Amino acid sequence: MNISTETIITIRKFRCSSQDSLDEQAMVDYFKEVEIIQRSGDAETQEEVQLKVADEGEQEEAWLMEAGLATLFDESASDGEDSIALLSTLTRTQAAAVERRVETLKQTLRKRNKPYSVPDVREIFKPASQSKVRAHIRPRISAVSSCVNEDMQVWGGADAETDINLEVSFSEQALTYKEGLKVTQPQNEADDRLPDFRVSQDKTGQTRVGDLSAEDMKKVRRLVLIEMSALFDTCGIEVKAHKALKVRVRESGLFGVSLSTLLEQDQRRIPGTKVPLILQHLMSHIEEQGLDTEGVLRIPGAATRVKAVCHELEHKFYEGVFPWQSLKQHDAASLLKLFIRELPYPLLTVEYFSAFISVLKLPTKKQQLQALNLLVLLLPEPNRDTLKALLEFFQRVTDHKDRNKMTLNNVAVVMAPNIFMCKGFRSKISEQQEFAMATGTANIVRLLVRYQNLLWTIPKFVLNQVRKHNMENQRKMHRDRAVKKLLKKMAYDRERASDKQEKNTEAEGGFIRVQAPQFSKVSMAVQLTEDLKASDVLTHFLSQERSPSVKREDLCLYEMGGNIKERCLDEETYITALLELNPSAEWVIKSVQH
């Protein structure tokens, strides 16, 4: 398919005026995909999502509610104690992000002459931040700044540029960077010149999405929202959140159906399904026919045939009678792209759509990657799981680039308009904005695919804040009990203390007690050494477990209790290092669902 001469002239004019634009062939490929989308006519099949920027003050109110800080503007909110515990964990940049939004909301309500119960910002943070948070944080921030400054001094070296520090708040790192050495980094490296970012080895183990309990993940999400806003604030980037007005969407079927509805349908058939079955089948079919096919995602299927197959899938997929053997590979790829753009709400969500697009405004690749990490963690679970499956598929496509001519750049350029051209958005931007968006969105997809292994990691500093939050909640719970209950608890604690003393004596004596209630070997003692890892505990367990059906890949050692609800441990976790972080932890082996 050829695009118009007028479009090519406009591309050349835009590239002359922008140093960050894609090369001409990439821009041509992008707008070929746009024209394919327009000619497919699928935009006419359902109502557009109407995007609306939140009104002044409305965005701040929604943000505070989502961050679990509703009590800062509504005294009747029920999570007051939890809010105080959350505030006590914040860093200086995170506290500044909260202050900014509270103050903006207060000013907005004052302008409208509305009665309000928003406290003075100084009153919010005087007891919480200055006496508790800042008194706790300032010494640590001083040490952190020193460490980060040392990194900045060797910024010219490869290690400083490519090591991802997950122990220090990203927004604190950005502040130190902003105040210190400035380095200009190129925005559009070739595929093979993108930095090889890596996460430094942490003896307490890495934590991935899915490793924590739902209760702790809720805290993670609140902290990540505050941290993401603090990162953009620190870099002077304003992100206006959109909200979606409700539209009529299909309540059943495959295409044009919300992810939540699709998964409800699929889970009735296959419990535990996390990625829509139709999407799984399309990706599998493309792979089964071979990923060596040239232009496997770039060359479109015949539009009339794709439309007919789409209609046939709607009627035969769940019946199990769709003739997959007759589906051509390029038609399947076109159906996969159709599925993504026909979602009634964008895969990256309306709420965070602008934030994803704003990522490239951050000054360094490292900060862009950190922002994407936070945004991925903020996505609802169905969106996050579906995005992960897609990115893994795109990576497998690029693994065959020598044969299929689909480099990382090619995949990003072709997929960007399908992911970012959500209904109701493209009609509201100018031609110049659209050309800029082509460059920006393709580069974002490139980063998502290239660094996907890092994006599902929960930063250690966030997990440490969750631990502190849990400890604060436990202390408040103990303090607020009635005297009688408190006395009973103290008596109970004395009993537990003797039990725990036995446990500690066991640990101090060189052993830990590991529970495995799901299995025949329900408990065992493991010798504690400096080099003992979670993998060693599992190996020791399997040497004693007699059931032949138990497989290593189905097991996980969990850290439970103390300052965490539960956490599935990375096999490289050193137990002694984790005991220092959570001395009250118990150890449980459980089977895990993959």
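Residues numbered from 1 in each chain as written. Predicted model: local features only at pLDDT ≥ 70, side-chain atom pairs only at ≥ 80, totals over all residues. Heavy atoms only, no water.

The protein has the name Rho GTPase activating protein 18 in an unreviewed UniProt entry, where Cyprinus carpio is given as its organism.

Draft legend 1. Local environment of helix α13 (residues 329-342). If you check α13, its first and last C-alpha atoms are 20 Å apart, about what 14 residues at 1.5 Å a residue would give, namely 20 Å. Along α13, 13 of the 14 residues are buried, which leaves the element largely enclosed by surrounding structure. (Helix = DSSP H or I, 4+ residues; strand = E, 2+ residues; numbered from the N terminus. Expected span 1.5 Å × (residues − 1). Buried < 20%, exposed > 50% of the residue type's maximum accessible area, 1.4 Å probe, protein only.)

Draft legend 2. Focus on the pairing of strand β9 (residues 555-561). Extensive coverage of β9 is indicated by the burial of 5 of its 7 residues. Sheet analysis places β9 next to strand β11 (residues 586-591), joined by 6 bridges and oriented antiparallel. By the bridge assignment, L557 is partnered in β11 with I589. The pairing of β9 with strand β10 (residues 564-568) spans 4 bridges and is classified as antiparallel. Among the inter-strand pairings, Y558 is bridged to a residue of β10, identified as C568. Connecting β9 to the antiparallel partner β10 that follows it, the hairpin turn spans 2 residues, and G562 within it adopts a positive phi of roughly 75°. (Pairing = 2+ DSSP bridges.)

Draft legend 3. Region of interest: the state of the cysteines. With the rule as written, the count across this model stands at 1 disulfide. The residue that forms a disulfide with C556 is C568, at a sulfur-sulfur distance of 1.9 Å. Since a negative S-S torsion denotes a left-handed disulfide, the C556-C568 link at about 120° is right-handed. Placement of the pair is C556 in strand β9 and C568 in strand β10, with a sequence separation of 12 residues. Using a relative accessible area of 3% as the deciding quantity, one classes C556 as buried. The class for C568 is buried, based on a relative accessible area of 13%. (Disulfide = S-S within 2.5 Å.)

Draft legend 4. Examining the side chain of K337 more closely. Tracing the chain through its elements places K337 in helix α13. The contacts of K337, once residues within four sequence positions are left out, are E33, L297, R298, V414, M415 and N418. (Contact = heavy atoms within 4.5 Å.)

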